[in-house]
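For reference, the chains in residue letters:
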Amino acid sequence: MFKKDSILLYSFGGVVFIITAIVFWNYYTPEWKGYQNEFQDLVATKFGAEKIQQVPQGLQQIWVEDLNRVDRCTTCHQGMEWKGLDNVAHPFKSHPQEILKKHPLSQYGCTVCHGGQGFATDMESAHGFVEHWEEPLMGKQVSDLYLIKDRRAMMQINCNSCHRYDRETKGADYINQAKQLVAEKNCRACHTINDRGGTIGPDLTYVGDKSPEQYDYSRMLGVKTAFAWHVSHLQNPKALVPETVMPNFGFNSRDAQALGLLVMSWRRTTIPARYLSGVKFSEQQTAEEAEKEKRMLEGEGAFFVKKGCFVCHSVSTLGVESASKIGPDLSEAVTDVQSRFGKQLEDFLNNPTGTMAVVLSTQIILSPEEKREAVEKLKIAYQKKVEQQTQSAAAQNTRPQATPSPSPPKR
Amino acid sequence: MATKPTVWARLKNQRATWEKIKWTWVPETNREAGDSVVRNFLLHWFPAKVTRQSLSWNYSFWLGTISAVLFLILIVTGIPLMFLYVPSVERAYLSVKDIEFTVSFGWFLRGLHRVSAHLMVAVVFLHLVRVFLAGAYKNGTAAKQNRPLNWIIGITLLLLTLLLSFTGYLLPWDQLAYWAITVGTNIASAAPVVGEQLRFFLLGGSTIDQNTLIRFYVLHCFFLPLGVLLLFSYHMWRVRKDGGLACVDQLSLEQKKENAQPIKSKTYSLLGIASGRTVHVETSIVDEDKHTVASSPNLTRRLLLVSLGTLAVSVVLTVLFRAPLEAAANPTVTPNPAKAPWYFLWLQELVTLTTFTIGGITINGALIGGIFVPGILVVAAIVWPYLDKSPVSTVGVWMARARRRQNIVFLIIVAAILVLTIVGTYLRGPYWDFYWPWQSWPTMPRKF
Amino acid sequence: MRKKKSGPEEITASYPSPESPDESVKTGGVNLSRRKLISRVGLGATLLAIGGQAYAFVRSLVPNVLYEDPKRFKVGTLDQFSEGAKFIEDKRVFIFREKNTLHCVSATCTHLGCTVKMQRLNQPKRVNAGGREFDEQVEFACPCHGSKYYGDGTNYSGPAPRPLDHFKLEVAPEDGQLVVDTSEIVRQDFRLTV
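Please read all numbers here as calculations on a predicted model, not as lab measurements. (Residues numbered from 1 in each chain as written. Chains lettered and ligands numbered in written order. Predicted model: local features only at pLDDT ≥ 70, side-chain atom pairs only at ≥ 80, totals over all residues. Heavy atoms only, no water.)

Right, let's get into the overall build of chain A. A count of helices and strands for chain A gives 18 helices and four strands. Over its C-alpha trace chain A gives a radius of gyration of 35 Å, far above what one expects of a compact globule, namely 22 Å for 411 residues. Taking contacts inside chain A between residues at least 6 apart in sequence as the whole, the part at least 24 apart equals 47%. Carbon and sulfur atoms provide 54% of the accessible area of chain A, an area that totals close to 24,700 Å². Treating the 48 positive side-chain charges of chain A as one cloud and the 47 negative ones as another, the clouds have centres 2 Å apart. (Helix = DSSP H or I, 4+ residues; strand = E, 2+ residues; numbered from the N terminus. Rg over C-alpha atoms; globule rule 2.2 N^0.38 Å. Contact = heavy atoms within 4.5 Å. Areas by Shrake-Rupley, 256 points an atom, 1.4 Å probe, with all protein chains shown as cover. Lys, Arg positive; Asp, Glu negative; His and termini not counted. Charge placed at Lys NZ, Arg CZ, Asp CG, Glu CD.)

Structure representation (structure tokens):
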């Protein structure tokens, strides 16, 4: 009864052994290892064998906590930040350096701009053309699908997630064109976008988030995607939605594509403020304050504004007014310094005491030429002060008065 | 030269130690075979001898063993997964993606866990079918048997298995998980009187959120497996107490008609004796030598075989069918179609078909198809052994003639469940429309 | 001891027979040794497979990627560091500047890892440490178990076993910021000149 048992036992054991071997084979030869070996060969040929030590091995990831993304692209795309790999084929080609300076890898990762599935460690999954992943790599494959020649066009959707509030973003030509069209054609006449606009058409502020299933594709030709729907709709609204009142603006295909990209970029994004383009992190000056500072910078006292003296000191005769007046008016510095510190102005600037010692050694560092310039200008300021006082004294003199004229100020 | 003898002596000693460990598993005499079950901790679970028929492939198909082995695989794969998975709504999906892509052998662990889970549901169900069709839920002639109780324990184990699968299903926190649990808990809420409160308690709130996830996680990793382990131990103990598999009772009934030689010794399998008489004590009835074999090594060898076979099938399926992961859970977008896990699809199909409007009153299909029908089935199953009037001669007999009617009814119910499952799995497409297998589903639109 | 009736074949039939040469002669030597080989190979393969699976399960718990802070980070532009010492709290390092040289001292106590506190001295103190004599402006003291360090990081009191680490400093070429590399430990006399 038990004769066949051993045969079965060993066959099952064999099957388990084979499968375990397959699993281990998969473990020792992942796809990325091949690419990493290739890259090392490339580095050895181009830059010499010693440079191989600088090439990291194993899974690489860039974890951008603020954006809640983790990107493992650099496991295969190892040449991103290397110089001298501009003309090599992918995946080793280096990234255009200029934009990388403004968007360093450690702070942005890759997928926030390029799309794709950052979690993945094999090419097909990483490039995102798999089921259940809605953020494919915005490169050639997607552009070809929509017959857009510029393979950097689709990516601009992601640029606009942060650059949404720019009027114009360098390098995002489709988006810039679309934003111009929005202003020209006045989409806001019927659509609300960012709290402004009409209510005849739907609110478009976050239309990029709308689920693709919500669109009606019955009258559409071609691929059934949300992006395609928007492009078709922009080119001929009535063909897609018969009961619409949206006029046909006669957009050519490039305009329609640009607007389609813009519209798909209008999404809810949780991005920390410091990533948003155009956001200032200081209180804004009022119009009067800005105007005043502009005048002071164009006037005679510009030097004291530029060097920062005006933060504490006014120089009234040169038109420089300090907001706080912590220190005395420098128009009188020539005599003031003498009476307070017992030194000439030049000596004081070279050997300051008290608060000025701290200020002139840490916050405001003046070169010898600048000190001379300061002294000269302060002398001019003082002269002006003297003239003013003489004039005001003279003005008082012209009025009939019983009291004798006051004597001129003593030096 | 004094070292040589001691080295040799030490070597011989190793041999002896190895013999000491090995002998209970590969006994060489009958005496050793009998002794091994009392001298080995692991082997003491078993009786010293088992009937040949109990060991046969085509009586039980070893389905019970297969489910136990699958459960063991689930525990062994589940433990590293517990370390790697994070049960927080913000990180659950990310942790599963990490398991798939960055953890060494992660895809294999997760895949094996999933394959074993699906197989276990199927095998436990098949085990139930086998037990019913062979009348193995019935008592035989020996004293103090209580197979109906064991049948009830088995039903409970089936329900626990389904619950384990259900709680595990939510954990990846992808669209499939989220909406499958939405459907499932909404069916639960259709229960009369306590439905809403039950749902609130299960979810830890009114929506499927962090509370739900952590509750399901703790249930899935601790309480439900603990329940299964405890009940399983009880289940096996009852099998021993009842004298073994039901086919053994057949043997004693048949033997009563045969002439068997009286045997001198009475006490073979000490551990098999209940208070009273079991098959093994009735030595004048059962011809042990003709019908039984030693547990060690025959039972143990077959157990090893079945374990290895189960493992083999599971790992092959794991490598062939990778575990899927859909898009991250999105409470605002329902996938089309939104389906429950396959073992509940028959319920979902029922729920679709049983919404009735009588007069002006509409009865929700969730109530009929989701609560009443499965409820009635479970109650009927539990109660049936006590209502069964078939003769004791049908215990442990496959498709006994005296039980033909109940077997047919049972098979019809099983077939209905299977058909509904197949319809729900393969023939229902977007919007739950009916699609023949050769009709293609419309492609779902995407963003780009 | 009972007489064996039909027992022995069932018990030993599927297992390799004993190894003594007599037995193999009795039961047909060649067939049995091939069988032994197959069974040994089968057993070995199965055990290897099980062992491989066990290794896989343990190996899965050794992480391949880490979600941790990078060891190399920027701490600010050079003009943000004036003469003296500055404590970068969230990175646990001190940056010292003397005229146009900078160096970096770790704030992690070498005893059990607490963050040491810097104590500015009222007057410079002359100490002899590491074979040099120098004037120190600050000292470090650890609040956990009372270790004390001179301004150059040398431990002189308490349970600390060795001096505080000094980390490598660099200037980032892209924006001129000061970069601390905590994975590179340098000597106490390392200075970055700017």
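Glancing now at helix α7 (residues 106–133) of chain B. Along an α-helix, residues three or four apart share an orientation, since each turn contains 3.6 residues. All names here are of chain B. Look at α7: 40 Å from first C-alpha to last across 28 residues, which is about the 40 Å you get at 1.5 Å a residue. Of all the 28 residues making up α7, 21 are buried; the element is thus mostly covered by neighbouring parts of the structure. Positive backbone phi, at 60 degrees, marks G135, one or two positions downstream of α7. (Expected span 1.5 Å × (residues − 1). Buried < 20%, exposed > 50% of the residue type's maximum accessible area, 1.4 Å probe, protein only.)

Much of the literature gives interface size as the accessible area that the parts lose upon coming together. Listed by partner, the interface residues are 39 residues for chain B and 46 residues for chain A. A buried area of about 3,700 Å², summed over both sides, lies between chain B and chain A, and 70% of it is on carbon and sulfur atoms. Of all residues in chain B, B:R446, B:K447 and B:F448 give up the largest surface area on contact with chain A, accounting jointly for 24% of the area buried on that side. Applying the counting criterion to the chain B and chain A interface returns three salt bridges. The partner of B:D98 in a salt bridge is A:R72, with the nearest N and O atoms 2.7 Å apart. Inspection of the region where chain B meets chain A yields twelve residue pairs in polar contact (both at pLDDT 80 or more). Looking at the side of chain B that touches chain A, the elements that each hand over two or more residues are α3 (52–55), α6 (92–101), α7 and α14 (295–320) of chain B. (Buried area = accessible area lost by both parts, 1.4 Å probe. Salt bridge = Lys/Arg side-chain N within 4 Å of Asp/Glu carboxyl O. Polar contact = N/O pair within 3.5 Å; in protein donor to acceptor, adjacent residues only side chain to side chain.)

Summarising the model, chain B shows a mean pLDDT of 87, and 92% of its residues fall at 70 or more. Low pLDDT (under 50) marks residues 278–285 of chain B, which in the prediction has 20 contacts with non-local residues, meaning those over four places away or in another chain. (pLDDT = per-residue confidence, 0-100.)

What follows deals with the domain arrangement of chain A. Assigned domains of chain A: these are domain 1 (31–137), domain 2 (145–272) and domain 3 (290–389). The straight-line distance from the C-alpha centre of domain 1 of chain A to that of domain 3 of chain A is 55 Å. (Domains from an automatic or database assignment.)

Next up on the list: the sheet that holds strand β8 (residues 155–157) of chain C. Residues and elements named next belong to chain C. Spatially, four strands are ordered β5-β6-β7-β8 in an open sheet, and the strand pairing comes out antiparallel. Two strands in the sheet have a free side with no partner beyond their single neighbour: β5 (117–129) and β8. Pairing analysis gives two bridges linking strand β6 (residues 132–141) to strand β7 (residues 148–149), with the strands arranged antiparallel. Within β7, the residue paired with F140 across the bridge is Y149. (Pairing = 2+ DSSP bridges.)

Along a regular strand, successive side chains alternate from one face of the sheet to the other. Residue and element names in this part refer to chain C. As judged from the five bridges shared by strand β2 (residues 84–88) and strand β3 (residues 93–98), these two strands associate in the antiparallel manner. Residue pairing in the sheet places G84 in a bridge with R97 of β3. Hairpin remark: β2 followed by β3, antiparallel, with four residues in the connecting loop; positive phi at R92, about 60 degrees.

The next thing to look at is a negative patch on the surface. A cluster of acidic residues, A:E65, C:E68, C:D69, C:E89 and C:D90, forms a negative patch on the protein surface. Residue placement: C:D69 occurs in the loop between α3 (29–59) and β1 (72–77). (Patch = residues over 30% accessible without salt bridge, like charges linked within 9 Å, V, L, I, M, F, W, Y side chains within 5 Å.)

A few words now on the state of the cysteines. According to the stated counting rule, one finds one disulfide over all chains in the structure shown. Covalently, C:C114 is tied to C:C144 through a disulfide, its sulfur atoms 2.0 Å apart. One quick way to see it: the torsion about the S-S bond of C:C114 and C:C144 is about -95 degrees, and its sign makes the bridge left-handed. Linking C:C114 in the loop between β4 (101–106) and β5 with C:C144 in the loop between β6 and β7, this pair joins segments that are 30 residues apart in sequence. Free cysteine: A:C113, not disulfide-bonded; nearest cysteine sulfur from A:C159 at 6.2 Å. (Disulfide = S-S within 2.5 Å.)

Our next topic: the nonpolar core. Within soluble globular proteins, side chains that are nonpolar generally end up buried alongside one another. Core analysis: the biggest nonpolar cluster contains 96 residues, and B:Y85, B:L170 and B:W173 have the highest contact counts within it. The leading source of residues in this core is α7(B), at 13 residues. Setting aside anything within four residues of it in sequence, one finds B:Y85 in contact with B:A92, B:S95, B:V96, B:I99, B:L171, B:P172, B:L213 and B:Y217. In terms of nonpolar packing, the next biggest core, distinct from the first, is built from 37 residues, A:A153, A:I157, A:A172 and A:L204 among them. (Core = buried A, V, L, I, M, F, W, Y, C linked by side-chain atoms within 4.5 Å.)

Right, let's talk about the environment of A:S94 for a bit. Residue and element names in this part refer to chain A. Topologically, S94 is positioned in the loop between β2 (69–71) and α3 (97–102). For S94, a relative accessible area of 8% gives the class buried. Sequence separation of S94 and G197 is 103 residues, and the distance between their C-alpha atoms is 44 Å. Non-local contacts of S94, meaning those with residues more than four positions away in its chain, are made with G79, M80, W82, L85 and D86.

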